[in-house]
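Coordinate analysis (summary)
What follows is each chain in one-letter form.
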Amino acid sequence: MNIFGLSAPEMSCSSMRSILSSRDSSQPGQCHPERSTPGAPIAPECDRGKRSEGSAVRNFFLTMPLRTCAFSLLALLCSASALAQSTRHDAEQDKILAAMLAELDRSVAQLQLAGFQKPFFIQYRVEDIDDFETRATFGATQGATHNHGRVARVTVLVGDYKTDSSGGRGDGAIEMASVDDDPIALRSTLWAATDQAYKSALAAYAQKQAALKQVETPPQADDFSHENPLVSLAAPQTLQLDESAWQTRVAHDSGLFRTEPSLKSIAPAIEYSNAAFHARVTTTRLVNSEGAIVRKSASSYQESFGVGLQAEDGMRLDRSYATSGVTLADLDAPSAFSDRVIKLTASLDALRRAPLVDEEYHGPVLLSPDAGADTLHQLIGGAVLATRPRLGTEARTNGPFASSFHARVLPDFLDVTDDPGLKTLNGKHLVGAYDIDDEGVPAQSVDLIAAGRLQNYLIGRQPVRDFPQSNGHGRAAISGPARPSIAVLKVTAKEGLSADDLNKKLLTMAKDRDLKSVYYVETLGGPLTPRLLYRVNQDGSRQLVRGARLADLDQRALRSSIEAAGKDLWIANYAGEIPETVLAPALLLDDITIRRANEKNDKLPFYPAPN
């Protein structure tokens with residue numbers, strides 16, 4: 001059925017009601033994207049993981065010429081949408097899902113060892129991975145690999161939702177599966193893994209029952225949450241690449257320092273220059289004994305570059321860059337990527353000539369949006385995950401925010417939300433976005449921190465005290481167990497400042513404290529390790545320095561030392577096995593320690609590189 005050029009399943013009834021409740025207008029319905037930094041890069045300049053799985057983006061547009069008769073069509077649309085919902089019959093048209101469902105039915109009906117408990121929950125997750133990667137160094141290819149594999153992960157739980165057999169290290173069994181869609185071969189793989197997982201679950205359950213008898217404090221929450229099963233069948237994606245062209249492009253990028261005239265003076269000092277391209281499409285199929293049936297597909301693409309040399313004192317200096325996304329169109333154009341490679345390589349010349357930082361500094365530090373995103377990813381991203389605490393304790397969860405529920409963890413002008421449904425920002429895809437998590441639960445937007453106070457955690461199907469249900473954040477790496485994970489972590493500041501105003505505030509703090517200079521971090525190369533660090537004088541001039549580490553930058557510093565934040569958000573796509581995105585502003589911190597790294601420097605090469 002098609003009305004106004006849009007098929008009924010593509011538009012929810014709630015969306016239709018929202019449109020009809022607006023004022024009379026002959027204008028088409030409009031999409032209002034979040035505000036973002038104009039021209040913000042897709043990926044920040046920093047060391048990023050090289051593997052990623054993104055989510056496809058769906059944009060819905062509706063043209064409503066007249067409201068006349070719209071209400072009479074609403075019921076028809078909603079009825080058609082309901083009729084169009086996927087069913088088990090639809091799922092069984094997929095040969096892989098059909099085999100998974102058939103074996104699941106058999107396991108539910110027959111799996112029970114005499115004298116022992118029958119499983120109360122069984123889940124099959126099969127991941128189909130199509131993966132291509134090519135690497136190059138010094139202008140020459142190191143080859144390419146294209147692999148197609150299929151992995152089955154089976155989870156079996158005995159006991160009940162209150163107390164089950166699960167532990168803290170991931171339960172179940174993993175098997176490689178056939179890729180030719182043969183149903184008996186796949187069912188045999190699932191059968192063997194189910195048998196192994198059931199035996200492990202019985203042993204784990206007996207151990208847990210014995211452990212519970214030894215503790216005084218009973219568990220504060222159920223072991224497993226009740227969730228409504230859903231049937232969702234997204235179309236599988238395919239990997240389509242010109243592999244030869246990418247090998248050539250990557251080799252060209254890795255050798256630019258040899259051919260670019262502007263890099264002639266630094267070329268003899270380059271000790272490594274590497275480039276890589278990685279593409280992956282993963283189609284995940286999930287079924288469980290509660291009735292959930294999910295097929296979802298995600299693609300990821302990333303081109304990366306790294307270059308390094310040594311300063312005269314032997315200190316190793318590195319620069320790196322990655323452009324990533326869920327489509328090839330998200331990546332930098334070839335000329336833009338080459339320009340970035342040239343710029344990064346040239347920056348090493350200034351970096352190797354830069355003086356070392358002073359012995360120690362205590363005072364204001366301004367983190368760029370790039371550096372702010374990395375810092376918040378490290379210090380907030382892991383702290384808001386709710387994981388089951390150790391048996392017998394009264395703790396709510398683990399981590400630095402375990403006892404911070406409703407407490408202040410950031411200044412009152414900062415808010416933090418994790419929204420897996422935020423697919424794009426400023427026209428760029430966000431790799432952390434998704435619709436359904438890896439436990440078959442719809443993704444939910446979660447307001448984590450409001451006015452600086454912790455209001456919520458990200459949670460999967462292992463409840464913790466005060467949080468009995470999943471909020472759709474159980475995510476898994478290929479073949480791994482599902483764990484709570486951030487998706488699109490968005491940090492915003494009320495009355496955020498412009499870049500110029502932040503810099504003025506930094507200089508004002510220097511003058512008020514009679515400091516000759518303060519510091520600005522442009523980019524980080526690792527946890528608390530600046531790659532580009534500038535000493536900022538009272539007149540606003542900047543001097544590049546090297547060999548520093550940040551100290552005292554922890555959760556306590558975020559709570560008490562952030563003086564101000566920017567209004568523009570940086571898009572930091574972390575393309576790891578579990579892709580994540582952080583949208584974050586610049587941060588001005590009141591009192592941070594900068595120390596000389598004092599790392600052991602290696603000897604310089606004894607003779608020059610070939611030319």
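An account of the accompanying structure is given in this report. (Residues numbered from 1 in each chain as written. Predicted model: local features only at pLDDT ≥ 70, side-chain atom pairs only at ≥ 80, totals over all residues. Heavy atoms only, no water.)

1. Things to note about the overall build of the protein chain
Scanning the protein chain for helices and strands turns up 11 helices and 26 strands. Here the protein chain holds 611 residues, and the buried ones make up 50% of them. Long-range pairs, those at least 24 residues apart, make up 77% of the contacts in the protein chain with a sequence separation of at least 6. For the protein chain, the exposed surface amounts to about 27800 Å²; the carbon and sulfur share of it is 51%. (Helix = DSSP H or I, 4+ residues; strand = E, 2+ residues; numbered from the N terminus. Buried < 20%, exposed > 50% of the residue type's maximum accessible area, 1.4 Å probe, protein only. Contact = heavy atoms within 4.5 Å. Areas by Shrake-Rupley, 256 points an atom, 1.4 Å probe, with all protein chains shown as cover.)

2. Overview of the pairing of strand 11 (residues 414-418)
On a regular strand, one side chain projects to one face of the sheet and the next to the other, so that they alternate. Taken across its five residues, strand 11 has four buried, putting it largely inside the fold. Relative to strand 14 (residues 446-450), strand 11 is paired through three bridges, and the arrangement is antiparallel. Pairing of Asp418 across the sheet is with Val446, part of strand 14. (Pairing = 2+ DSSP bridges.)

3. Notes on unusual backbone geometry
Glycine aside, residues mostly have negative phi angles, and peptide bonds mostly take the trans form. Even without being glycine, His406 reaches a positive phi, approximately 70°. Structurally, His406 can be placed in the loop between helix 9 (369-379) and strand 11. Phi is positive for Leu528, close to 60°, though the residue is something other than glycine. Along the polypeptide, Leu528 turns up in the loop between strand 19 (517-526) and strand 20 (529-537).

4. Quick word on the pairing of strand 18 (residues 488-493)
In terms of burial, strand 18 is a largely internal element, five of the six residues being buried. Strand direction decides the pairing type here: strand 18 and strand 25 (residues 580-584), joined by three bridges, are parallel. Following the sheet pairing, Lys490 is matched in strand 25 by Leu583.

5. Observations concerning the environment of Asn228
Considering the arrangement of structural elements, one finds Asn228 in the loop between helix 5 (183-212) and strand 6 (231-233). Sequence separation between Asn228 and Gly291 is 63 residues; the distance between their C-alpha atoms is 8.6 Å.

6. Quick word on the pattern of salt bridges
Applying the stated criterion to the full structure yields 32 salt bridges. One salt bridge connects Arg88 with Glu92, and the closest N-O pair in it is separated by 2.9 Å. We classify Glu92 as partly exposed; its relative accessible area is 34%. The salt bridge partner of Arg295 is Asp94, with a shortest N-O separation of 2.9 Å. Taken together, the residues Arg295 in strand 8 (residues 293-310) and Asp94 in the loop between helix 3 (88-91) and helix 4 (95-110) connect sequence positions 201 residues apart. Taken as a pair, Arg295 and Asp94 share a single burial class, namely buried. Through salt bridges with shared partners, one network takes in Asp164, Lys208, Asp223 and Arg388. (Salt bridge = Lys/Arg side-chain N within 4 Å of Asp/Glu carboxyl O.)

7. Concerning the sheet that holds strand 18
Taken in spatial order, the six strands make up an open sheet running 15-14-11-18-25-24, and their pairing is mixed. The strands lining the two open edges of the sheet, one partner per strand, are strand 15 (453-454) and strand 24 (570-574).

8. A short note on the nonpolar core
Ranked by size, the top nonpolar core spans 101 residues in total, and within it Ile380, Val384, Leu410 and Leu553 carry the most contacts. Tallying contributions element by element places helix 8 (residues 334-353) first for this core, with six residues. With residues near it in sequence (within four places) discarded, Leu410 still touches Ile380, Val416, Ile449, Gly452, Leu558, Arg559 and Ile562. Within the second largest apolar cluster, 27 residues are counted, among which are Ala91, Leu111, Val126 and Tyr198. (Core = buried A, V, L, I, M, F, W, Y, C linked by side-chain atoms within 4.5 Å.)

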